[in-house]
Amino acid sequence: MSPVSGVMRSLTLLALGIVLLMAGATAAVVVLAARAGLETHRATIEVMHMLGSTDLQVARLFQRRVAIDAAIGGVAGAGVAIAVILLIMTRLQGLGSELLDGGRLSSTDWATLGAMPIGFIVLAMVAARATIVRAMRTTL
């Protein structure tokens, strides 16, 4: 059982590494999208500033748009992830091995998986807000 336990631990660490890579990629994409949006709407933002809008108010507009996009992506990604997990669980049950029967996900595991899209939405919102506020303070 020790080799099987070692493989399971390695797979867990691999999954954690993949989640961390996804978080880094998400933050990088949001930063690039926020900067591109800022450049695209620069004239509009300047007019908003002349009318009295603050940097934080403009950042909130970008933050809301990024949150909506991240929510759509999170729901789609969660749907695909659930389908893949159910497919793998079905295939493992089809093997009929008692060793693999413990491969079922607990309610805590499902809750963690369900919370991941929410975490990525929050990450995207924070990255967008920080990027826009920092960029506006230095350029506008």
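Keep in mind it's a predicted model, so treat the numbers as computed, not measured. (Residues numbered from 1 in each chain as written. Predicted model: local features only at pLDDT ≥ 70, side-chain atom pairs only at ≥ 80, totals over all residues. Heavy atoms only, no water.)

Asks: I'm lost on the overall build of the chain in this one. Help?
Replies: Helices and strands together make up the secondary structure of the chain, namely 4 helices and 0 strands. Counting from the amino terminus, helix and strand elements in the chain follow one another as α-α-α-α. Rg of the C-alpha trace for the chain: 21 Å, well past the compact-globule value of 14 Å for 140 residues, more than 25% over. Dimensions of the chain along its principal axes, counting C-alpha atoms only, are 70 × 25 × 20 Å. In the chain, which comprises 140 residues, the share counted as buried stands at 18%. Counting every atom, the chain has about 9500 Å² of accessible surface; 71% of that belongs to carbon and sulfur. (Helix = DSSP H or I, 4+ residues; strand = E, 2+ residues; numbered from the N terminus. Rg over C-alpha atoms; globule rule 2.2 N^0.38 Å. Buried < 20%, exposed > 50% of the residue type's maximum accessible area, 1.4 Å probe, protein only. Areas by Shrake-Rupley, 256 points an atom, 1.4 Å probe, with all protein chains shown as cover.)

Asks: Would you explain a nonpolar patch on the surface in this entry?
Replies: Taken together, the side chains of Val4, Val7, Met8, Leu11, Leu14, Ile18 and Met22 make up a nonpolar region of the molecular surface, amounting to roughly 630 Å² of accessible area. Mapped onto the elements, methionine 22 comes out in helix H1 (residues 2-40). (Patch = residues over 30% accessible without salt bridge, like charges linked within 9 Å, V, L, I, M, F, W, Y side chains within 5 Å. Salt bridge = Lys/Arg side-chain N within 4 Å of Asp/Glu carboxyl O.)

Asks: I keep staring at the pattern of salt bridges and nothing clicks. Help me out?
Replies: A side chain of one charge can pair with a side chain of the opposite charge when the charged atoms of the two come close. Across all of its chains, the model carries 2 salt bridges by this definition. Note that glutamate 39 is salt-bridged to arginine 42, the shortest N-O span being 2.5 Å. Residue classification places glutamate 39 among the partly exposed residues on the basis of a relative accessible area of 48%. By relative accessible area, arginine 42 is classed as partly exposed at 21%. With a closest N to O distance of 2.6 Å, arginine 65 and aspartate 69 form a salt bridge. Here arginine 65 pairs with aspartate 69, and both are found in helix H3 (residues 55-95), just 4 residues apart, close to one helical turn.

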